There are 2 protein chains.
Amino acid sequence: MALEQDVRIFMDKFRMISPGDKVLVGVSGGPDSVALLHLLWRMKGELQISLAVAHLNHMFRGEEARADARLVEGLAKSLGLPVYVEEFDVPAYRERTGLSAQDAARRVRYRFFEEVARRTGASRVALGHHADDQAETILFNFLRGTGLAGLKGIPPVRGKYIRPLLDIRRREIEDYCREHSLPVREDASNKKTIYTRNRIRLELIPRLEADFNPRLVDALVHLGHICREENDYLEEQAALLYGRALKNQKEHCLLFAVAELLSSPPALVRRVLRRAWRHLTGEADLSYLQVECLLALLHNPVGGKVVELPRGVRASRQGQVLRLWIGGDAPGVPDYSYPLEVPGITYIPEINSSVKARLISINDAPDPRSLSAREALLDYDTLPGLLTVRRRREGDRFQPLGMAAHVKLKKFLIEQGIPREERDCLPLVVAGDEIIWVGGVRPGEPWKVTPDTKRCLYLQILEGKVPGA
Amino acid sequence: MALEQDVRIFMDKFRMISPGDKVLVGVSGGPDSVALLHLLWRMKGELQISLAVAHLNHMFRGEEARADARLVEGLAKSLGLPVYVEEFDVPAYRERTGLSAQDAARRVRYRFFEEVARRTGASRVALGHHADDQAETILFNFLRGTGLAGLKGIPPVRGKYIRPLLDIRRREIEDYCREHSLPVREDASNKKTIYTRNRIRLELIPRLEADFNPRLVDALVHLGHICREENDYLEEQAALLYGRALKNQKEHCLLFAVAELLSSPPALVRRVLRRAWRHLTGEADLSYLQVECLLALLHNPVGGKVVELPRGVRASRQGQVLRLWIGGDAPGVPDYSYPLEVPGITYIPEINSSVKARLISINDAPDPRSLSAREALLDYDTLPGLLTVRRRREGDRFQPLGMAAHVKLKKFLIEQGIPREERDCLPLVVAGDEIIWVGGVRPGEPWKVTPDTKRCLYLQILEGKVPGA
């Protein structure tokens, strides 16, 4: 039997079954699942497996549906197999949940399989999806808009679910049923073209086969296999990048290192952003354009813009940190305070930056006028206490270099044109009660280097976690 | 102008143009390329570029085509730009080459652009492809059967070619032409549904938009961007694996390490095999099913099967080596001979294996009966000369362990059931004229360990190139 052999090779390739498995076969009464049951029944000695049959009456089609159930019971009994038949009022469930008929039926059906598998100790659940179903799914996703995840179509194996017929054409399955005189019933709702899926199956695919490619179904099945493998690999690599780039994870808030993302392949960054959104919402996926908005945010060094995503997710870039959170206003940078290592490097996870501190003799010190805003040179011996690095706080006051008196830090930062969202990202180096450096903006006047200075404290802000921190 | 801004953002995103570039614009006379020329002409000051126009008359459509050429010349002159117009008899070229009308036109057109770009010193060639062209290309490839490479569609940038309108819909381009009263002509052959591409554009896409997704073109354009990025990343990773797995490269013959491929993600292995085929043939690609045959070969440890691929490429697996070659019979393992390092590790690239040799005292030696066929223990002090490892040769004779006399090696290997294709993969360790070990099969009787043995030579076959070799 060519079909039997093809199915066997396909099952082996995906390691669907091991000796000793108890396989529950989901049988609707249509040719696909009836053929699947019959094939597995014939192979069961060779495969050393035991079989059971499960059938759910979705109560969409009254007497017709009860006839399907009787057919499945009769078939299972004639093969000497245990059979589990149940009814569930899917129309009522659909009413309650507002799901589409097909979605509601699918959810209820898989819950039923889970439940029967648990009850009977089945290690596998075999389903009758075939190559034409696969092509239809891939074409449906392609038309609706998708990436690789949609083009991979139905998986041959997912958890305990296996689909041994996924590479077999429907016509071969129907031939098999006829050859073995198997009793089958057709679900009349499969013929209704009011469903998009049915229109794809009954009208579009035949038309495309006639007009463009008689081997279209094979081409789509092959595309599915390629995309499944490539998607798996890309997801693995994206998971690794996600782990490297994620710097801090609180309930409902994720912080990513901008530099790590910007230096990575865009294909993976896109997937990391989608992962972050899924992690926050538990939902399936973001659209291409939503990911584009996040990418634009990531590439924009001017902080403060907040991108709004579906399900209440927001995102903003502040300095070297990309922040995604759910609900509420921008969480901003949480309050923090760390003793400053002198000499040494102090890493600040809240802003994904490090402050490097060195003591140097005045003779080795650079010209203070040559320093960037991310460096400071101070007279070490004038500092009034132990050094700490912390976030700015309500009421902070400060005497900026070049000014005669203390000013409110907030007012000073506004005058300097620092955007509101950036202000919490500035690390303040404080000694006792005094702010000696507003990192990234300006050092304090009282501790500037003078002709009397002997030892200098040289401070530097570095991006990310620097080795040694 | 919204359109102008969108085009500008798209050009920046793909870094299409730098100040000082000389851009040759390919203009057919249709709305796409006329709008492109006009847009670039308006931006040229801001972009700091200079422009020139190129038009090829393909001589498919007599007087009509000459009118197109006159239109382009007039437009270029009205914008004060240099224009290069040429004629080429594509129908005659098509006759000579047997190419399709569209393929012939494309080849001739790109040759013309190359030639004019070289002559005028243009650093960029801008073409008018737009979002509807992109969707049409992706849908065409999808229907014909493809992987990611086909789904990425037309590249925004390839070498000197840039396509600034690739994300813009045709209807926006036509609106732009009307708004600016630009003179345009429609190529009547674009309306002929005898071409598959035209049927996709004129009939299929409108029908799919009406029946399934009014935003289909956007969905396909987005899919193109995603697939381009993912394909680029996968190709980079596949190139790295190709470099690691390729063990030997001769004219028309590539040898890959089976272990390296088997331990790598299948998505990359598939791409490595396609690369190998492209490398041998210079041709575009292998089909899914052809790659499947190669994968089956790779996974099958029983050597000897030869897979035939298009363009005269053949492949076989012999032991730890996957071999792809072009033309002729199986090249088999080439003759080789290397001095054996004692003690040390000798790598044999021809079979991608190493032979490890150690001298050990009889007191430390393992029980000879516990050894696998890939190990041997010999009496070192009885060996008749310097040690060499080589391929078997015509006329080799050998006294196998446990036999009283020499036999023909070939006959012995046949009796041992070693398949013909495997025999050349066995490394022979020889000392002077004598075979002391048929690696992987049996040591020689005269050098077996006896109660008199003091020093043993312990040999081992290891897969691949072992550190230290």
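Just so it is clear, the structure is predicted and the values come from calculations on it, not from any experiment.

Basis of the calculations
Residues numbered from 1 in each chain as written. Chains lettered and ligands numbered in written order. Predicted model: local features only at pLDDT ≥ 70, side-chain atom pairs only at ≥ 80, totals over all residues. Heavy atoms only, no water. 1 Å grid on protein atoms, 1.4 Å probe; cavity = no way out; pocket = protein on both sides within 12 Å on 5 of 7 lines; lining within 4 Å. Points joined across faces, edges and corners; volume = space filled by probe spheres on them. Helix = DSSP H or I, 4+ residues; strand = E, 2+ residues; numbered from the N terminus. Nonpolar A, V, L, I, M, F, W, Y, C, P; charged D, E, K, R; others polar. Contact = heavy atoms within 4.5 Å. Buried area = accessible area lost by both parts, 1.4 Å probe. Salt bridge = Lys/Arg side-chain N within 4 Å of Asp/Glu carboxyl O. UniProt positions renumbered as here; feature names shortened; annotations may be inferred. Buried < 20%, exposed > 50% of the residue type's maximum accessible area, 1.4 Å probe, protein only. Domains from an automatic or database assignment. Pairing = 2+ DSSP bridges. Least-squares fit on C-alpha atoms with pLDDT ≥ 70 in both. Phe/Tyr/Trp six-rings, centres within 6.5 Å; stacked < 30°, edge-to-face > 60°. Arc of directions from axis to C-beta.

**Student:** Whenever I open this one, empty space enclosed by the protein confuses me. Can you help?
**Tutor:** One water molecule sets the probe size; rolling that probe over the atoms shows where empty space is left. The final tally for this structure, using the stated rule, is one cavity of 30 Å³ or more. Empty space within the largest cavity amounts to approximately 30 Å³. Surrounding the largest cavity, Ile226 and Glu230 of chain A together with Gly147, Leu148, Ala149, Asn231, Arg271 and Arg274 of chain B form its lining. Elements represented by at least two residues in the lining of the largest cavity include exactly helix H10 (216–245) of chain A together with helix H7 (148–151) and helix H12 (266–281) of chain B. Per-class residue counts for the lining of the largest cavity are three nonpolar, two polar and three charged.

**Student:** What exactly am I supposed to notice about the interface of chain A and chain B here?
**Tutor:** Interface size is commonly expressed as the accessible surface area that is lost when the partners come together. Listed as interface residues are 41 residues of chain A and, on the opposing side, 41 residues of chain B. The largest share of the area that chain A buries against chain B comes from Phe142, Phe212 and Tyr233 of chain A, three residues that together contribute 19% of it. Note that glutamate 229 of chain A and arginine 270 of chain B form a salt bridge whose closest N and O atoms lie 2.8 Å from each other. Breaking the side of chain A that touches chain B down by element, the ones donating at least two residues are helix H6 (131–144), helix H7 (148–151), helix H9 (196–211), H10, helix H12 (266–281) and helix H13 (288–299) of chain A. When residues of the side of chain A that touches chain B are assigned to their parent elements, the largest contribution, 12 residues, is made by H10 of chain A. Tallied by class, the residues present in the side of chain A that touches chain B amount to 23 nonpolar, eight polar and 10 charged.

**Student:** Quick question: what am I supposed to make of the UniProt feature "binding site: ATP" (unreviewed entry) in chain A here?
**Tutor:** All names here are of chain A. UniProt's entry tags Ser28, Gly29, Gly30, Pro31, Asp32 and Ser33 with the feature "binding site: ATP" (unreviewed entry), counted in the numbering of this structure. Locating serine 28 in the fold gives a position in the loop between strand S1 (22–26) and helix H2 (31–47). Residue classification places serine 28 among the partly exposed positions, given a relative accessible area of 42%. Not counting chain neighbours up to four residues away, the residues in contact with serine 28 comprise Ser33, His55, Asp68 and Val72. Leaving out residues up to four positions away in the same chain, proline 31 has contacts with Ile173, Glu174, Cys177, Val184, Arg185 and Glu186.

**Student:** How do you make sense of the domain arrangement of chain A when you look at a structure like this?
**Tutor:** As assigned here, chain A comprises domain 1 (2–228), domain 2 (251–326) and domain 3 (337–463). Summarising the inter-unit geometry, the C-alpha centres of domain 1 of chain A and domain 2 of chain A are found 38 Å apart.

**Student:** Sorry, what's going on with the sheet that holds strand S2 (residues 50–57) of chain B here?
**Tutor:** By way of backbone hydrogen bonds, the strands of a sheet pair with one another, either parallel or antiparallel. Residue and element names in this part refer to chain B. Taken in spatial order, the six strands line up as S3-S2-S1-S4-S6-S5 in an open sheet, and their pairing is mixed. Only two strands of the sheet have a single neighbouring strand rather than two, namely strand S3 (83–87) and strand S5 (157–158). For S5 and strand S6 (residues 161–162), the ladder comprises two bridges, and the chain directions are antiparallel. From the neighbouring strand, arginine 158 faces S6, where its bridge partner is tyrosine 161.

**Student:** What is the right way to read the relation of the copies chain A and chain B from this model?
**Tutor:** Think of it as a corkscrew move, a rotation about one axis and a shift along it, taking one chain copy to the other. With an RMSD of 0.3 Å, the fit of chain A onto chain B corresponds to turning through 180° and sliding 0.1 Å along the axis. Here the symmetry operator amounts to a two-fold rotation axis. By residue overlap, the copies meet face to face through one surface: 100% of the interface positions of chain A are interface positions in chain B.

**Student:** Even after reading the chapter, I still don't get the packing of aromatic side chains, so can you show me in this structure?
**Tutor:** Given two aromatic rings, their pairing is described by the distance between the two centres and the angle made by the two planes. Under the counting rule described, the total for this entry stands at 18 aromatic pairs over all chains. Residues phenylalanine 112 of chain A and phenylalanine 113 of chain A carry aromatic rings whose centres are separated by 5.8 Å and whose planes lie at 40° to one another, so their mutual orientation is tilted. Residue phenylalanine 112 of chain A shares its accessibility class with phenylalanine 113 of chain A, and that shared class is buried. Ring geometry for tyrosine 110 of chain B versus phenylalanine 113 of chain B: centroids 6.0 Å apart, planes at 90°, classification edge-to-face. Taken together, the residues span about one helical turn, with tyrosine 110 of chain B and phenylalanine 113 of chain B both in helix H5 (residues 101–120) at a distance of three residues. Judged by its relative accessible area of 5%, phenylalanine 113 of chain B falls in the buried class.

**Student:** What should I look at first to understand helix H8 (residues 170–179) of chain B in this one?
**Tutor:** Since the α-helix advances by 3.6 residues per turn, residues separated by three or four positions end up pointing in the same direction. Residues and elements named next belong to chain B. Buried within H8 we find Ile173, Tyr176 and Cys177. Projected onto a plane normal to the axis of H8, the buried residues spread over an arc of 100° and lie on a single side. Within H8, the exposed residues directed more than 90 degrees away from the buried face are Arg178 and Glu179. Elements in contact with the buried residues of H8: helix H1 (2–13) and helix H2 (31–47). Serine 181 sits one or two residues past H8 and shows a positive phi near 45°.

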